[in-house]
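Structural description and commentary
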Amino acid sequence: MDAREHEDGADGQPRSLSLFDGRGQADGRGEADGPPEEESPEAAAGRGRRRRRTRRVLIWTLATLLVMVGGGIGGIYWTAEHYASSVERIPGAFPSVPESAQPKPVPGTGTTFLLVGLDARSDVPTTGGQAKAPAWKEGASRSDTMMLMHLSADRKSVSLVSIARDTWVPVPGHGMAKINAAYSWGGPPLMVDTVQKLTGIRIDHIAVIDWNGFKKLTDAVGGVDITIPQTIEAKGDAREWLKGTHHMSGEQALLYVRERHGLPNGDLDRTKRQQNFLRALMIQTMNAGTLGNPGRLTGLLQAVGDVVSVDDRLSNSDLYDLGWSLRDVRPDDVRFMNAPFGGFDNIGGQDVVKLDTAASATLWEAIRNDRMTDYLAQHRTTSDTLGESVR
């Protein structure tokens, strides 16, 4: 059986989205190819231009999808300004605790984003310009996905580190809990505070997208191709995935990145799927010619503005400058990995993921001091980096 499936799949100042509407009650602890042999000089020149463009657009795609929508789009500043303005800003996204209680910023060590995939338990958008409900409602919004994205100071490398949602950590003011409970209890400020205290890394910016936005972005590029290396049988609510390449719509892709019950390593394998999806999304954007097609590019950028929210410290000019500064990053310079795994446990009836404390400390120090290239070279065989084959 062929496993490949096809389905049909603003102006002026940024607006603010209130994060503190409709407080509810809940404990928040829920499962919160190479060239032809002969070719004309013209064809060779064209191929060279495509390769150079591919090196640049890979990271531009990543940056665009993860909020940096202003980066050098056609070299026309007004276009960048327009789409940067469409990105929703989150007011009060950072903890109000004293500076002395936060990690001290280290000058010249790059920029670190906290990326949050949000399960808002809402049938309407909660992030982006089309939000119809608050991005955070106490007890009703949980962070299903968390990644630290570190952009090196020289803008030659990007590192993305996933923290499993069930990771057992201290949450300020609440004691030990799964890390996704932090967003449920206190929204972006508590999420940032929790991650900063866990890692000792100063978070410069935060970006949030909910599952409605995830689906819309996937459909905006015409779906993505994901290869399943071996058939995964249905288990409980988890669907069967046949071995082969599947062309996934937004709805299918959402099932793919959210499932964990049919995977041998549960939450850890799910974070690998999320990273694999992001890689596939970048590839699809390039292969579909999105960034070189004004119509498709416009649709994608509009979709980003519709569904992504970022902190209000990130101005339009910041978005533009950040995107432009990444223009020469090569594909091999983008690395995905999981935070060091320290084992599974059951605490108070909750299945949790533990971090390897010593190994994590080394990783956090590398990010904090902008030495991820050295870290990855020294830990090539021990770091849990994303491979080519993902369950």
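Structure's up top.
So, here's what we can say about the structure. (Residues numbered from 1 in each chain as written. Predicted model: local features only at pLDDT ≥ 70, side-chain atom pairs only at ≥ 80, totals over all residues. Heavy atoms only, no water.)

Section: the packing of helix H4 (residues 211-220) against helix H5 (residues 250-258)
Following both chains from N to C, one finds H4 and H5 inclined at 125°, their axes separated by 8 Å at the closest point. Looking at the two axes, H4 sits oblique to H5. Two packed elements cross with a definite hand, and for H4 against H5 that hand is right-handed. On the side of H4, the interface is formed by Trp 211, Phe 214, Lys 215, Thr 218 and Asp 219, while H5 contributes Gly 250, Glu 251, Ala 253, Leu 254, Val 257 and Arg 258. For the contact of H4 with H5, the class distribution of residues is five nonpolar, two polar and four charged. (Axes fitted to C-alpha atoms, helices over the stretch in contact; angles between N-to-C directions. Helix = DSSP H or I, 4+ residues; strand = E, 2+ residues; numbered from the N terminus. Parallel < 35°, antiparallel > 145°, perpendicular 65-115°, else oblique. Left-handed = near helix turned anticlockwise from the far one by under 90°. Contact = heavy atoms within 4.5 Å. Nonpolar A, V, L, I, M, F, W, Y, C, P; charged D, E, K, R; others polar.)

What to know about the environment of Gly 186
Relative to the elements of secondary structure, Gly 186 occurs in helix H3 (residues 181-199). Assessed through its relative accessible area of 16%, Gly 186 is described here as buried. Sequence separation of Gly 186 and Pro 172 is 14 residues, and the distance between their C-alpha atoms is 9.9 Å. (Buried < 20%, exposed > 50% of the residue type's maximum accessible area, 1.4 Å probe, protein only.)

Regarding the environment of Ile 206
As for its position among the elements, Ile 206 is in strand E7 (residues 205-210). Aside from chain neighbours lying at most four places away, what touches Ile 206 is Ala 93, Phe 94, Leu 114, Val 116, Pro 188, Val 192, Ser 309, Val 310 and Asp 311.

Examining the pattern of salt bridges
What the rule picks out here adds up to 11 salt bridges. Residue Asp 384 pairs with Lys 272 through a salt bridge whose shortest N-O separation is 2.7 Å. Of the two residues, Asp 384 sits in the segment after helix H10 (372-378) while Lys 272 sits in helix H6 (residues 267-287), which places them 112 residues apart along the sequence. Looking at Asp 384, the relative accessible area reads 32%, which means it is partly exposed. The structure contains a network of salt bridges with shared partners spanning Arg 165, Asp 166 and Lys 178. (Salt bridge = Lys/Arg side-chain N within 4 Å of Asp/Glu carboxyl O.)

Thoughts on unusual backbone geometry
Of note in this structure, Arg 155 is not a glycine but carries a positive phi near 55°. Along the polypeptide, Arg 155 turns up in the loop between strand E3 (142-151) and strand E4 (158-162). For Arg 155, a relative accessible area of 15% gives the class buried. If you check the backbone angles, Asp 370 has positive phi at about 60° while not being a glycine. Secondary-structure assignment places Asp 370 in the loop between helix H9 (357-368) and H10.

Comments concerning the packing of aromatic side chains
Under the definition given, this model contains two aromatic pairs. The positively charged end of Arg 239 is found above the aromatic ring belonging to Trp 241, 3.9 Å away from the centroid. Just above the ring of Phe 94 sits the side chain of Arg 313; from NZ or CZ to the centre is 3.8 Å. (Phe/Tyr/Trp six-rings, centres within 6.5 Å; stacked < 30°, edge-to-face > 60°. Lys NZ or Arg CZ within 6 Å of the ring centre and 35° of its normal.)

Some details on the side chain of Thr 199
Within the element layout of this structure, Thr 199 appears in helix H3. In this structure the side chain of Thr 199 is engaged in a polar contact, spanning 2.8 Å, whose partner is the backbone oxygen of Val 195. (Polar contact = N/O pair within 3.5 Å; in protein donor to acceptor, adjacent residues only side chain to side chain.)

Here we look at the nonpolar core
Leu 160, Tyr 256 and Phe 277 are the most contacted members of the largest nonpolar core, which totals 45 residues. Here this core gets five residues from one element, more than from any other, and that element is H6. Filtering out sequence-adjacent residues up to four positions away, Phe 277 remains in contact with Phe 214, Thr 218, Val 224, Ile 226, Ala 253, Tyr 256 and Val 257. One finds Met 146, Val 161, Val 171 and Trp 185 within the second-largest nonpolar core, a separate group that totals 36 residues. (Core = buried A, V, L, I, M, F, W, Y, C linked by side-chain atoms within 4.5 Å.)

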